[in-house]
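Below, each chain spelled out in residue letters.
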Amino acid sequence: MRGIFAEPVYLIVRVVGLAVGVATACIALAFVRWELGYDSHFTDADRIYRITTDGSTNLRVNPSPLLDGHRHVLRWTRFKEAYLPLLSHGDRRRFTVLDPVGENFLRVLDLPMLEGDRRTALSSPDAVVITEQMRRFYFGDESALGKHLLWDNEHEVVITGVVALPRQTHLEFDVLAPPNAAVIAQANADYLRQFIYSSAVYVVVDDAQSIEGLTKELQDYMGLHHGDGFTDVVRLQPLTDIYLEPPAPSDRGVRGDPWVVGAALVLALVVLLLAGIN
């Protein structure tokens, strides 16, 4: 101990090196925790899965007959790729990312509801649910519930809910609307059929142990409806894995890189080991 204090410069270097090493390891571990935490905030995150076939969410089959009333499926919903309508209120207008979703979408993926009732917010064909960011853009600090937006300068829709969109989620949208929205139906008479057959499907299961059996049932069901030429592999993709896995063709937004996460974890462990040795 006396020798250490006899060389203050050496002591300072060691202390600073240890502090820098620990700080670096803490930052790396915080990054790893952040990346692994995507979509874990949903209530049933460990029991929510997205159905894919060979990495695509376009099933080309209506899964309703199998999923409705299935003994292991508690709830399920659909999420379709976006429209980009111009929505305006007074002199405030912008092109928005609008996704048609199933009526019970907010009960399957229970985003924080700031205004409105998640059970009924998407039940009307003239309803839209907007994000907190959109509420601030159109209305400032005022409530948005019950107010109207003009869709493409022609049709009025009513705001029935406001949700907070967490930063740690693979979902990206400005507005949610039911697939039978009157405006969408006028623009594309065949849209409801497209929604049924080509949307991403999310399911909440009663127990993770039922996944293997449900996957086999889905594989057989899709093979039956596609015919003998169906060779795709059906998979139930865990919700919390979506961010770090290769994106499906219809996915939007930035995705994480598992190699970067692994490298950050190794870096943290090596730095802590070296700091401990020194």
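Everything discussed here concerns the structure shown above.
Worth saying up front: this structure is predicted, and the values here are computed from it rather than measured. One numbering rule holds for all chains: residues counted from 1, following each sequence as written. Given that the model is predicted, a residue must reach a pLDDT of at least 70 before its local features are reported, and side-chain atom pairs must reach 80 or more before they are shown or counted; all residues, however, enter totals for whole chains, interfaces and linings. In computing side-chain values, all of the structure's heavy atoms are included and hydrogens and water are not.

(A) Structural context of the pattern of salt bridges. Between Lys or Arg on one side and Asp or Glu on the other, a salt bridge is scored when a side-chain nitrogen of the former is within 4 Å of a carboxyl oxygen of the latter. In the structure shown here, the tally under the stated rule is 14 salt bridges. Among the salt bridges present, the one from R75 reaches D44, with a minimum N-O distance of 2.7 Å. Linking R75 in strand β2 (residues 73-79) with D44 in the loop between α2 (8-36) and β1 (48-53), this pair joins segments that are 31 residues apart in sequence. Whether a residue is buried, partly exposed or exposed follows from its accessible area with a 1.4 Å probe, protein chains only, as a fraction of its type maximum: under 20%, in between, or over 50%, in that order. Looking at D44, the relative accessible area reads 13%, which means it is buried. The closest approach of N and O atoms between R71 and E217, which form a salt bridge, is 3.5 Å. Note that R71 is positioned in the loop between α3 (64-67) and β2 and E217 in helix α8 (residues 211-226), a separation of 146 residues in sequence. Classification of R71 as exposed rests on a relative accessible area of 60%. Through salt bridges with shared partners, a single ionic network connects E115, E132, R135 and R136. Runs of H or I in DSSP of at least four residues are treated as helices and runs of E of at least two as strands, each being numbered from the N terminus.

(B) A look at the pairing of strand β11 (residues 200-205). Judged by how many residues are buried, β11 sits mostly within the fold: six of six residues are covered. Every second residue of β11 is oriented toward a common face, with A200, Y202 and V204 on one face and V201, V203 and V205 on the other, all of them buried. When DSSP locates at least two bridges between a pair of strands, those strands are taken to pair. The pairing of β1 with β11 spans four bridges and is antiparallel. The residue of β11 that forms the bridge with I51 is V201. Of the pairings in the sheet, the one linking β2 to β11 comprises six bridges and is antiparallel in character.

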